[in-house]
Amino acid sequence: MARAPVSKTGGWGFESLHSCQAPLSRRHLLRVSAALAALGLPLAEQEAYAQAPKTIRFIVPFPAGGGADLLVRVLSEQIGRSAGATTVVENRPGAASIVGTEFVSRATPDGGTVLIAANSFIIHPFFKKLNYDPLTSFAPIAWLATSPQVVVVNAASPFRTLLDLIEAAHAKPGELTNASVGPATTQHIAFELFKLRAKIKMIYVPFNGNGPAINELLGRHVDLVMANYAEAAEYIKGGYLRALAVGSPARLEWLPDVPTIAESGYPGYEVSVWYGLFAPVATPAAVVDQLGQWCSTAMLAPELKPRWALQGLEPVGKPGAVLAAHLRQQQDEYGRVIREANIQAE
């Protein structure tokens, strides 16, 4: 197996560099602490920085080129520049992200191996028997970003608002078709929740990706799609698709005239793909905190805002405790919708 090229501005190969760093000596730690003290850092921050890994391997449990992969490559480059750490990105796809996730759950808990995860991290346990628990096998480091969801129809569709769509669904129960990646995915569960809230019936048409679903919408073979904004953006801008509503809590900067689902009559409704970073559960708290600070600083760096916009991402940069609370909330909500809508994985 080839070894991946590595640089301090971010790894770009798909294989791993296994760091064989020797433990830091007490003398070296004292020198590091003295240097950090000279910079005026508090003692707690000095200790966290001294313990933080000098090589960070970011495990992406998805194929190269997807949203998580693109996000973590920009993030790793930024951390490499700002924190001086060597960063490596390694793709370990398989079993719908389970392979890479399980790999990190068994990694040495020193902060040197971390995982980027998304909503499937919480969804999988409802349908599969896993060798890890997303809430107890990992230490949340940071909530990185969200990818807003948008409900779109063909530009030639008679539906100009979400209310138009709902009224048609009430008039013709079980006739309209909604398509998305799935089954048992973020978008599938999100739209089933919307159908429960709106008290409508529609035919769900699953695809192996939102790209194929959007192609069917462009061909007018389905009535609507719920997708990541980034996947539909060019078709919206080009006038081929019409956005009816977004699942974010507030209107998107990129679609200021498109209302949220919440303001369209369904207060509290919110759906987005979230991206978070995790370490194995026994990773020292000081190391997790330091990595979290580096991630937050990187995600909210003003110079990266245009790059996040190009990817259709809204940077969050919140600490692991906030991400942990969000996961618990999502687990409760997903469980309720899966039961009420009788969602099956196959």
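(A) Representation of the side chain of Arg 57 within the structure. With respect to the helices and strands, Arg 57 occurs in strand E1 (residues 55-60). Of the residues examined, Arg 57 reaches a relative accessible area of 10% and is grouped as buried. A polar atom in the side chain of Arg 57 sits 3.4 Å from the side chain of Thr 113.

(B) Region of interest: the side chain of His 326. Structurally, His 326 can be placed in helix H12 (residues 320-341). His 326 sits in the buried class, given a relative accessible area of 15%. For His 326, the residues in contact, after removing those within four places along its chain, are Trp 143 and Trp 274.

(C) Structural context of the confidence of the model for the chain. The share of residues in the chain with pLDDT of 70 or more is 85%, and the mean pLDDT across the chain is 87. Throughout residues 1-39 the model reports pLDDT below 50, and contacts reaching past four residues in sequence, or to other chains, amount to 60 contacts.

(D) Layout of the environment of Ser 105. Position of Ser 105 among the secondary structure elements: in helix H4 (residues 98-105). In sequence terms Ser 105 and Thr 136 are 31 residues apart; their C-alpha atoms lie 9.9 Å from each other. Among residues more than four places away in sequence, those in contact with Ser 105 are Tyr 132, Phe 138 and Pro 280. Within polar-contact distance, the side chain of Ser 105 engages the backbone oxygen of Glu 102 at 2.6 Å.

Conventions and cut-offs
- Residues numbered from 1 in each chain as written.
- Predicted model: local features only at pLDDT ≥ 70, side-chain atom pairs only at ≥ 80, totals over all residues.
- Heavy atoms only, no water.
- Helix = DSSP H or I, 4+ residues; strand = E, 2+ residues; numbered from the N terminus.
- Buried < 20%, exposed > 50% of the residue type's maximum accessible area, 1.4 Å probe, protein only.
- Polar contact = N/O pair within 3.5 Å; in protein donor to acceptor, adjacent residues only side chain to side chain.
- Contact = heavy atoms within 4.5 Å.
- pLDDT = per-residue confidence, 0-100.

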